[in-house]
Amino acid sequence: MSPGPFSIADLAIDHALAQTAGGMQFLLDVTPVNADEVRRAFVEGDVSEPQFTYRPLEVSPDVLAKALENIDVAGVEDTTLGHLLRAKHRELGLQIEMLRARDTDDFSALSIELYGAASPELRKQAESILARVHRTESAGESLSAPQFLELAQLEIDHYREVDPEIDIHAEMRDDVNGVMVSGNTLLIDNDAVVQQARANALIQHEVGTHLVTQVNGAAQPVRVLGAGLAGYDETQEGLAVLAEIGCGQLTPFRLRQLAARVLTVHRMHGGADFVEAWRALVDDGFPESSAFTTTMRAYRSGGLSKDAIYLRGLVALLVHLRGGGDLDLLWLGKFSLEDLPLIRELDERGVLHPPRLLPRYLEDPASTERLVAAADQADDVAQLIKGAA
């Protein structure tokens, strides 16, 4: 272990890696741009294998691979930082291979290497949720994309009052599906419709978690904490679902949706085609349009197993909390729970800065009570919904 601050050489390597990671828009590049159009035709009766189209890659994977090759992570002197940067270097290499394999048979195997598959234990949790959480809320009032953008902007304005120097944004676009964060920007599909009862949960998920940790990570001496260390997605999505619990808006339908994502990934890996996986969700009581979106997310680009990580990340964090762990250091940037001991070591060495922002929902004392109560259900997440059988 190296004491004290990092060398200039080590920081230069970190910055180069962060720049390469920040220059990629991986999730956008593997998500179809015509998903809304195909979904409308599908639910109107064209129930056949969808034909998705993808955006042209702004940067050639060969160029990205060469830029990555030129970053000498083997030369990092600091032991802890070196471990973290080498793991990120490997992950970026895998993502570049996935971009090369986009919409081919090779993509799915690479995705399993990156995100893992749905383990038997995780499937058991997901199946239990669908079997026991039957009561779902009515759709109620909904918000259009411009209305949701206005709410998101108000939330961003709140954080700008805390720190006027932060650089985060929200915008509507016609080439995204649903609502997502890419880098420092919240992207909202022009056709997005958000349940009013779920609006704050989605704000706390996207802005209060993903954008807050992006701001905090980008301000660290270790810049890769802004782009995300290797394997950060699972813990990030787990934290984001915890935010939904913390603000009191994890609904029965949402929990069923997270379970459906796990089972859809499993069905895909088991050889089910798109229509078979979609029908299984409809048979489980999901609306046809919602079932299409869940299936599209798993089958995009040839098979993306990322959606299994939401429930997996949530369960891991609930176990962490139940065991006496806290969330304090997790706001410092984007990294996995597995790397928490290394981040703690860097923090204890005094080389990391305190977070510039903390999630707004934590200001409500009731949020802590909700998270403590949720942690008791780590082994049976169906119980997060009162009245589950």
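Located above this text is the structure these notes cover.
Residue positions are counted from 1 within each chain, in the order its sequence is given. A pLDDT threshold of at least 70 governs which residues receive local features in this predicted model, and a stricter bar of 80 or more applies before side-chain atom pairs are shown or counted, although totals over entire chains, interfaces and linings include all residues. Side-chain figures throughout are based on the complete set of non-hydrogen atoms in the structure, without hydrogens or water.

K.L.:
Please explain helix α15 (residues 309–322) as it appears in this structure.
P.N.:
Owing to its 3.6 residues per turn, the α-helix brings residues three or four apart onto one side. Secondary structure elements are defined from DSSP: runs of H or I of at least 4 residues count as helices, runs of E of at least 2 residues count as strands, and each element is numbered from the N terminus. Multiplying 1.5 Å by the residue count of a helix minus one yields the expected span of that helix. In this model, α15 (14 residues) spans 19 Å end to end at C-alpha, consistent with the 20 Å of a helix rising 1.5 Å per residue. Within α15, 11 of the 14 residues are buried, leaving the element largely enclosed by the surrounding structure. Listed as buried for α15 are Ile-309, Tyr-310, Leu-311, Arg-312, Gly-313, Leu-314, Val-315, Leu-317, Leu-318, His-320 and Leu-321. In the stretch just after α15, Gly-324 is the one whose phi turns positive, near 95°. Residue burial is assigned from relative accessible area. The probe radius is 1.4 Å, only protein chains are included, and a residue is buried under 20% of its type maximum, exposed over 50%, and partly exposed in between.

K.L.:
So what exactly am I meant to see when it comes to the environment of Arg-297 here?
P.N.:
Here Arg-297 lies in helix α14 (residues 288–299). By relative accessible area, which is 17% here, Arg-297 ends up buried. The contact criterion used is simple: two residues touch if any of their non-hydrogen atoms lie within 4.5 Å. Excluding residues that lie within four positions of it along the chain, Arg-297 makes contacts with Arg-261, Leu-304, Asp-307 and Tyr-310.

K.L.:
Got a minute to help me understand the packing of aromatic side chains in this structure?
P.N.:
The relative placement of two aromatic rings is captured by the distance of their centres and the angle of their planes. Each Phe, Tyr or Trp ring (for Trp, its six-membered ring) is paired with any other whose centre lies within 6.5 Å, and the angle between the two planes then decides the class: stacked below 30 degrees, edge-to-face above 60, tilted in between. Inspection of every chain in the model, using the stated rule, returns eight aromatic pairs. Ring centres 5.8 Å apart and planes at 70° place the aromatic pair Phe-42 and Phe-274 in the edge-to-face group. One end of the pair, Phe-42, is in helix α3 (residues 35–43); the other, Phe-274, is in helix α13 (residues 274–283), and 232 residues separate them in sequence. Of the residues examined, Phe-42 reaches a relative accessible area of 2% and is grouped as buried. Every member of this aromatic cluster is reached through a ring pair, and the members are Phe-42, Phe-52, Phe-274, Trp-278, Phe-292 and Tyr-299. Here Arg-256 stacks its cationic end above the ring of Phe-286, 4.9 Å away from the centre of that ring. Each ring is checked for a lysine NZ or an arginine CZ that lies within 6 Å of its centre and within 35 degrees of its normal; such an atom marks a charge sitting over the ring.

K.L.:
Explain the sheet that holds strand β2 (residues 169–173) here, please?
P.N.:
Adjacent strands of a sheet pair through backbone hydrogen bonds, lying either parallel or antiparallel. Here, strands pair whenever DSSP counts at least two bridges between them. The strand order β2-β4-β3 describes an open sheet built from three strands, whose pairing is mixed. Strand pairing shows two members of the sheet lacking a second neighbour, β2 and β3 (179–182), which therefore form its edges. In this sheet, neighbouring strand axes are inclined to one another by 25° on average, regardless of whether the strands run parallel or antiparallel. Note that β3 and strand β4 (residues 185–189) share four bridges and pair antiparallel. Paired with Val-181 across the two strands is Leu-186, which belongs to β4. Each axis is a line fitted through C-alpha atoms, taken for helices only over the stretch in contact, and angles between the N-to-C directions span 0 to 180 degrees. Packing of helix α8 (residues 145–162) onto the sheet brings it into contact with β2, β3 and β4, and relative to β2 it is tilted by some 165°.

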